[in-house]
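# Observations on chain architecture
Given next are the chains, with one letter for each unit.
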Amino acid sequence: MDHDSGREIGGTESASAQYDRDIREERQAVRGALRTDLPAAHLGLAVTIIALLVVASFAGIRWTLIIFAAFTTWFLIALAVIHLGSGRGWDAVRRAYIATFGWGNWI
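Attention here is on the structure that accompanies the text. (Residues numbered from 1 in each chain as written. Predicted model: local features only at pLDDT ≥ 70, side-chain atom pairs only at ≥ 80, totals over all residues. Heavy atoms only, no water.)

## Section: the overall build of the protein
In terms of helices and strands, the protein carries four helices and zero strands. Ordering the α and β elements of the protein from the N terminus gives α-α-α-α. Taken over 107 residues, the protein has a buried fraction of 19%. In the protein, of all internal contacts separated by at least 6 residues, the share reaching a separation of at least 24 is 54%. For the protein, the accessible surface area stands at approximately 8000 Å², while carbon and sulfur atoms represent 66% of it. (Helix = DSSP H or I, 4+ residues; strand = E, 2+ residues; numbered from the N terminus. Buried < 20%, exposed > 50% of the residue type's maximum accessible area, 1.4 Å probe, protein only. Contact = heavy atoms within 4.5 Å. Areas by Shrake-Rupley, 256 points an atom, 1.4 Å probe, with all protein chains shown as cover.)

## Some words on the packing of helix α3 (residues 61-85) against helix α4 (residues 89-101)
Contact geometry for α3 and α4: axes closest at 8 Å, N-to-C directions at 135°. Considering the angle they form, α3 stands oblique to α4. The two elements α3 and α4 meet at a crossing, and its hand is right-handed. From α3, Phe71, Trp74, Phe75, Ala78, Leu79 and Ile82 reach across to α4, where they touch Ala92, Val93, Arg95, Ala96, Tyr97, Ala99, Thr100 and Phe101. For the contact of α3 with α4, the per-class residue count stands at 12 nonpolar, one polar and one charged. (Axes fitted to C-alpha atoms, helices over the stretch in contact; angles between N-to-C directions. Parallel < 35°, antiparallel > 145°, perpendicular 65-115°, else oblique. Left-handed = near helix turned anticlockwise from the far one by under 90°. Nonpolar A, V, L, I, M, F, W, Y, C, P; charged D, E, K, R; others polar.)

Right, dumping it as structure tokens:
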């Protein structure tokens, strides 16, 4: 068996090469499923605002502020992580916005 080429003598793909190929394909599929964009983030923000209004009308201002603070904290953490990485300026804000509200893609 030739370990460098990833193929057996008979020309069939070795188990490790097939495993590596399957893992690559699976990761590409997961990345594609998790990919989101700005319109999806806008939808997530709109749903969040509507949910905050509903919570404010039923539970009062206390729970509304707690939920608002949670989303604000999540946004600031995402912004800090992106800024520490490679993001600067408005690109970092856009990426943190998408990280916070991009779940609107799955509504």
